[in-house]
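Residue-level structural notes
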Amino acid sequence: MAITRGFKISVRKVSKDFGVNSKVLSNISFDVASGEIVAICGLSGVGKSTLLRIVSGLIAPTKGDVRIDGKVITKPSSEMGFVTQDYSRSLFPWLNVGKNVALPFKGHDISKSERNLRVQEALASVGLEGKSDAYPWQLSGGMQQRVAIARALIMKPRLLILDEPFASVDAYVRLELEDLVADLVEKNQVTTIIVTHDIDEAIYLADRVIALSDSPAKVTMELVIKLQRPRTQMITRSDPKFLKLRETLYKGLRGANV
Amino acid sequence: MKTYARNFLWRSWVPLILIALWQILLRNSTNPYFPTPSQILADTKYVITPDWIMSSLKSSALTFLAGYTLGSIAGILLGAVIGASEILREILTPITNFIRSIPSVAKVPVIMAMLGIGQATRIATVAIAVLFPMLMTTTRAIATTDAKTLDMANLLGFGRIRTLFEVRLPAATGEILTGLQAAVQIGILVMVISEMLGSGIGLGAFIIHSQSTFMIADMWVGIFILGVIGLLLNEFFLFAERKIAPWYFRSKGLI
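With that settled, the discussion passes to the domain arrangement of chain A. Residues and elements named next belong to chain A. Split by domain assignment, chain A resolves into domain 1 (9-79 + 158-257) and domain 2 (93-156). One C-alpha centre belongs to domain 1, the other to domain 2, and the line joining them spans 25 Å. In total, domain 1 and domain 2 occlude about 1000 Å² of area from one another, counting both sides; carbon and sulfur atoms represent 71% of this. Ranking the residues of domain 1 by area buried against domain 2 places Ser78, Leu180 and Leu184 at the top, with a combined share of 38%. In this structure, glutamate 176 engages arginine 146 in a salt bridge whose closest nitrogen and oxygen atoms are separated by 3.3 Å. In this structure, the connection of domain 1 to domain 2 is made through two residue pairs in polar contact (both at pLDDT 80 or more).

Below, the structure written as structure tokens:
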């Protein structure tokens, strides 16, 4: 992998309890190299989102820590970009698309003309030229998620965190958005962590997949994905190596009894 | 505008029928307390004089507008601050419940003792009556901002103040508008009460005075004017809220 401007992430022995009887994460460790795309894959309700909330600095782990370029993370940083599953709650309906995309500029000293320019660039990069004045609720689900992606990348982050980003859009749009994200991640040379319950999506997008088991979540498998890039929906997904990886990961998630 | 005119015609049917029924049923009545609509209408020209407008109506308008504006701004701001802080909610909920449970009528003597019997007392009475429902509504709406929306504010690096004013408050738009609409009626109600209690000025005082001096038609004119004011204020409110937060109504497909 080429040297990039992306952050290096180190998750060290992270556990999280919510009260005495609710252990969600147990002793989770993994690293993400600069510029690497890591997918965290697990069944629904396994604690993937909790892990992401810890990595993004929203909540503190009960034990262990997360280091970003060697520094322990304690709160969200403007050098991170986020895309969450539910665009209807992450985009603010009282702001138009341009203002939603410009939200990360708040509290930063950037001139108005530069803001406008970067908003236009960001919208163009996700194929939404000229949509700046529209409101999110006037757009389709897929377009709203494109707005969220534009917003996540506008500060030129060094870490991109995607939490089930395509779970709320229909199947065809999902494939389109996967390719868009793969393309933007490469252009932006950004370290990327994507959480998904979709095995195919994890393999298609990632350099490495980390499988989490159920309650409390532990890392059960790390799978390096050596599929050639650029990947395409038609060719990559029918590659025998893809199918083999798919089988391995499925077994890893389900345990031995498949 | 065309649809508005058509809607207006449709909505006028029921009141017109009721007024017509009233006229027909009471046309031969000798009951002095229930004059017919035509008698009330005939009386309006004696009641609505420039003098009367400048004294009664102007005073009532000032009482309502100033009281409603002050009360709702104070209620929304206090509610926003209290709603965003769990500790403040714990500390202040008992005292707000205590004060708001005392009816406005019972608060008037206390306010009079502090501010005398002038315009200030009437404005303060309306403001306090409007403040509490706005406070409760806003507190609850702010306290229950969607968790994922708040996550996004955190991820964007927003501090408490910015989150309150740029995320929690706009997210509470629907509840706050509902509260403001309900507070219009509360404001009118309490305006009338404060005028009836000893002030001698305003629509409420006019109604009580007409009744006690046996000017029953005058009393009815006053009552109808109150109804018309309430109706117009509500219409104006529905118009204004769409200008204030068009995104809210459009995002819900209401306009």
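Residues and elements named next belong to chain A. Overall, antiparallel pairing links the four strands, which are arranged S2-S1-S4-S5 in an open sheet. Strand pairing shows two members of the sheet lacking a second neighbour, strand S2 (23-32) and strand S5 (71-72), which therefore form its edges. Sheet topology places strand S1 (residues 9-17) next to S2; six bridges connect them, and they run antiparallel. Note on S2: the bridge partner recorded for valine 14 is isoleucine 28. Taken strand by strand, helix H1 (residues 48-55) contacts S1, S2 and strand S4 (63-68), and its axis lies near 60 degrees from that of S2.

A few words now on the pattern of salt bridges. Residue and element names in this part refer to chain A. Within the structure shown, the criterion is met by 26 salt bridges over all chains. A salt bridge links arginine 89 to aspartate 86; the shortest N-O distance between them is 2.7 Å. Looking at arginine 89, the relative accessible area reads 29%, which means it is partly exposed. On the basis of relative accessibility, which here comes to 23%, the residue aspartate 86 falls in the partly exposed class. Residue glutamate 247 pairs with lysine 251 through a salt bridge whose shortest N-O separation is 3.1 Å.

Criteria and thresholds
Residues numbered from 1 in each chain as written. Chains lettered and ligands numbered in written order. Predicted model: local features only at pLDDT ≥ 70, side-chain atom pairs only at ≥ 80, totals over all residues. Heavy atoms only, no water. Domains from an automatic or database assignment. Buried area = accessible area lost by both parts, 1.4 Å probe. Salt bridge = Lys/Arg side-chain N within 4 Å of Asp/Glu carboxyl O. Polar contact = N/O pair within 3.5 Å; in protein donor to acceptor, adjacent residues only side chain to side chain. Pairing = 2+ DSSP bridges. Helix = DSSP H or I, 4+ residues; strand = E, 2+ residues; numbered from the N terminus. Contact = heavy atoms within 4.5 Å. Axes fitted to C-alpha atoms, helices over the stretch in contact; angles between N-to-C directions. Buried < 20%, exposed > 50% of the residue type's maximum accessible area, 1.4 Å probe, protein only.

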